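Spelled out from the first residue to the last, the chains are:
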Number of protein chains: 2
Amino acid sequence: MSYANDMPTTTATSELASELRVSMMRLARRLRSERLDEGLTPTQLAVLGTLDRHGAMTLGELAAHEKVQPPSMTRTTAALEERGLVTRVSQSMDRRQVFIGISRDGLTLLREDRKRRDAWLAGRFEQLTSDERALLHAVAPLLDRLAQA
Amino acid sequence: MSYANDMPTTTATSELASELRVSMMRLARRLRSERLDEGLTPTQLAVLGTLDRHGAMTLGELAAHEKVQPPSMTRTTAALEERGLVTRVSQSMDRRQVFIGISRDGLTLLREDRKRRDAWLAGRFEQLTSDERALLHAVAPLLDRLAQA
DNA sequence: TATTGTTATACTCTATAACTATA
DNA sequence: TATAGTTATAGAGTATAACAATA
């Protein structure tokens, strides 16, 4: 089965962009709604994810990464620390800096959340044929390439 | 070329769910960052999109659709009306109800925003082969089916 | 003197409660 | 009496400005 011939190459890429954008954003929104509601704000959740993916970093780096101002990150990390989801690690020579790292509880929470959303999505896969699932499998790395830089 | 055989059917659907979720959310986030910054809040932008897709509706319906309380929607629509992006249409028998509709300027703003993001995505397509683009074309309706209900 | 993070304070967005107008 | 929407007020999150500690 070939997908290449389902669509003439002359089809405007902007139309493809539009249809992919709409479908993808719709599913992304639906997937977001499946998030565990642990009373965490989007920023707090994003911080946990960042710390998980990139490891401990200073408060300033974290603020830059999440595109918020340092005072906001002070509050955000304070709230996370109060719930035991992050820890302050003083591993720097520069004693002005504050290193923030994800805690075991934070990791657990993240994994539960991901597991839950994966389970929801996997459940939705049941209505697909194995060919269609294979198609999704092939598309994931393409999405990554599109997202890069 | 067959995608169906690229992956044994025994592959855990949860793994596929995870890889698709991560890739898709990443691209969705990237796409969101390409939005025009017109100083609109996410809710305001969502309201414009809803009014465009579903037409004019009462303030209460709009609040329910966006999952906010009526007083919040009063503020949101007031802000949009002040900028001329929505209009109040009194087309109801029941004079308590307030119908909100998108204005010409609101439509223009929405279209500019979509055009901009489509252009960004279409630009990214240039690094793909036509086979790969065809793959994305085939996948869009699958994403829609996954998002349904 | 410059830099990292915190505290003080204000603004925005949303919520609940009380109110007005209409049914 | 019930309903649609608004106004009053409070809470949460983020911003800027001023400050403290360290380099």
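Rules used in this analysis
Residues numbered from 1 in each chain as written. Chains lettered and ligands numbered in written order. Predicted model: local features only at pLDDT ≥ 70, side-chain atom pairs only at ≥ 80, totals over all residues. Heavy atoms only, no water. Near = heavy atom within 4 Å. Polar contact = N/O pair within 3.5 Å; in protein donor to acceptor, adjacent residues only side chain to side chain. Helix = DSSP H or I, 4+ residues; strand = E, 2+ residues; numbered from the N terminus. Nonpolar A, V, L, I, M, F, W, Y, C, P; charged D, E, K, R; others polar. Buried < 20%, exposed > 50% of the residue type's maximum accessible area, 1.4 Å probe, protein only. Contact = heavy atoms within 4.5 Å. Buried area = accessible area lost by both parts, 1.4 Å probe. Salt bridge = Lys/Arg side-chain N within 4 Å of Asp/Glu carboxyl O.

> So what exactly am I meant to see when it comes to the protein's contact with DNA strand C here?
The full set close to DNA strand C counts 22 residues, and A:Thr74, A:Arg96, B:Thr41, B:Thr43 and B:Ser72 are the nearest of them. Near the protein, within 4 Å, the atoms of DNA strand C are sugar or phosphate in 68% of cases. At a separation of 3.2 Å, a phosphate oxygen of DNA strand C approaches a polar side-chain atom of A:Arg88. A distance of 2.5 Å separates a phosphate oxygen of DNA strand C from a polar atom in the side chain of B:Thr43. Ranked by residues supplied to the surface near DNA strand C, first place goes to helix α4 (residues 70-82) of chain B with 4 residues. Broken down by class, the residue content of the surface near DNA strand C amounts to 7 nonpolar, 9 polar and 6 charged.

> Teacher, can you tell me more about the side chain of B:Arg117 here?
Within the secondary structure layout, B:Arg117 lies in helix α5 (residues 104-125). For B:Arg117, a relative accessible area of 6% translates into the label buried. Apart from the residues within four sequence positions on either side, B:Arg117 is in contact with A:Arg21, B:Leu31, B:Glu34 and B:Arg35.

> When you look at the interface of chain A and chain B in this model, what are you seeing that I'm missing?
Where the parts come together, the accessible area they lose is often given as the size of the interface. At the interface, 52 residues of chain A touch 52 residues of chain B. For the chain A and chain B pair, buried surface summed over both sides reaches about 5,700 Å², with 68% attributable to carbon and sulfur atoms. Contact with chain B buries area across many residues of chain A, yet A:Arg21, A:His137 and A:Leu146 alone supply 12% of it, more than any other trio. The interface formed by chain A and chain B contains 6 salt bridges.

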